[in-house]
Amino acid sequence: MTTPVFRLPIGVRCSSNNGKISVSGSKGAVIFDSVSNLYRKGNMVLFLPYLTPYESSLFTQAIFGVVLGYTIELQLKGIGYRVCKNKKTLIFSLGYSKSVIVDIPEDVSVNLGKKTFSLISANLGVLQNFASSIRRYRYPDSYKGAGVLYENEIIVCKEGKKT
């Protein structure tokens, strides 16, 4: 059996303390729980006891996130659907009687367009959770296709009533 050794890119710092592993780089920092201890020599990192496959994928996602960053593009499709940013909140107008106000997590930054907006973060788990919580307010309609969609999502609309 080969020993799983990770090679860190230039500019990525990694440390473990009290069951938490932190990875930081140019795009931000990611912290996750692990029972393993980190041993480092140069740019090589070894975890003892070995990481589980789930923790190993979290670690590689964290490395990619702090080096490149993750982006999720969402688009609003529908008449009168709008979004605006006010300090650390997003205000959605999604066809309800009142606006939907969503707090932006600390790790996530938002870029707004006219009908699209992008969520950017180094932590993929937080980013996907935030995007799905936004989408939960107005799923795409199966008849009109209106709602909050991912950027390249294709909605197959059902046929209406025949008279």
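Refer to the structure above for everything that follows.
What comes next concerns the included structure. (Residues numbered from 1 in each chain as written. Predicted model: local features only at pLDDT ≥ 70, side-chain atom pairs only at ≥ 80, totals over all residues. Heavy atoms only, no water.)

Section: the sheet that holds strand 2 (residues 13–17)
Part 1 of the reasoning: Within the open sheet, the three strands sit side by side as 2-3-4. Their pairing is antiparallel. Two strands in the sheet have a free side with no partner beyond their single neighbour: strand 2 and strand 4 (28–33). Here the average twist between neighbouring strands, direction ignored, is 15°.
Part 2 of the reasoning: Bridge analysis of strand 3 (residues 20–25) against strand 4 gives six bridges, and the strand direction is antiparallel. Looking across to strand 4, one finds that Ser-24 is bridged to Ala-29.
Part 3 of the reasoning: Sheet contacts for helix 1 (residues 53–67): strand 2, strand 3 and strand 4; angle to strand 4, the most-contacted strand, approximately 170°. (Pairing = 2+ DSSP bridges. Helix = DSSP H or I, 4+ residues; strand = E, 2+ residues; numbered from the N terminus. Axes fitted to C-alpha atoms, helices over the stretch in contact; angles between N-to-C directions. Contact = heavy atoms within 4.5 Å.)

Side note on the environment of Leu-127
Part 1 of the reasoning: You can see Leu-127 is positioned in helix 2 (residues 124–135).
Part 2 of the reasoning: According to the relative accessible area criterion, Leu-127 is buried, its value standing at 0%.
Part 3 of the reasoning: Once the C-alpha coordinates of Leu-127 and Leu-90 are considered, the two residues, 37 residues apart in sequence, prove to be 15 Å apart.
Part 4 of the reasoning: With sequence-adjacent residues up to four places away left out, Leu-127 is seen in contact with Tyr-70, Thr-71, Ile-72, Val-108, Leu-119, Ile-120 and Ser-121. (Buried < 20%, exposed > 50% of the residue type's maximum accessible area, 1.4 Å probe, protein only.)

What about the side chain of Ser-34?
Part 1 of the reasoning: Tracing the backbone through its elements, the reader meets Ser-34 in the loop between strand 4 and strand 5 (37–41).
Part 2 of the reasoning: Overall, Ser-34 belongs to the buried group, its relative accessible area being 5%.
Part 3 of the reasoning: One polar contact links the side chain of Ser-34 to the main-chain amide nitrogen of Ser-36, over a distance of 3.2 Å.
Part 4 of the reasoning: With residues near it in sequence (within four places) discarded, Ser-34 still touches Gly-19, Lys-20, Ile-21, Leu-51 and Glu-55. (Polar contact = N/O pair within 3.5 Å; in protein donor to acceptor, adjacent residues only side chain to side chain.)

A word on the sheet that holds strand 6 (residues 44–48)
Part 1 of the reasoning: An order of 1-6-5 is seen for the three strands of this open sheet, with the pairing classed as antiparallel. Each having just a single partner strand, strand 1 (5–7) and strand 5 make up the two edges of the open sheet. Geometrically, the sheet is characterised by an average inter-axis angle of 30° between neighbouring strands, direction not taken into account.
Part 2 of the reasoning: Pairing of strand 5 with strand 6 involves five bridges; the strand directions are antiparallel. Counted as the bridge partner of Arg-40 is Val-45 from strand 6.

With respect to the side chain of Asn-123
Part 1 of the reasoning: Looking at the secondary structure, you find Asn-123 in the loop between strand 12 (116–121) and helix 2.
Part 2 of the reasoning: Asn-123 sits in the buried class, given a relative accessible area of 17%.
Part 3 of the reasoning: Among the polar contacts made by the side chain of Asn-123, one reaches the main-chain amide nitrogen of Gly-125 at a distance of 3.3 Å.
Part 4 of the reasoning: Setting aside anything within four residues of it in sequence, one finds Asn-123 in contact with Val-30 and Asp-107.

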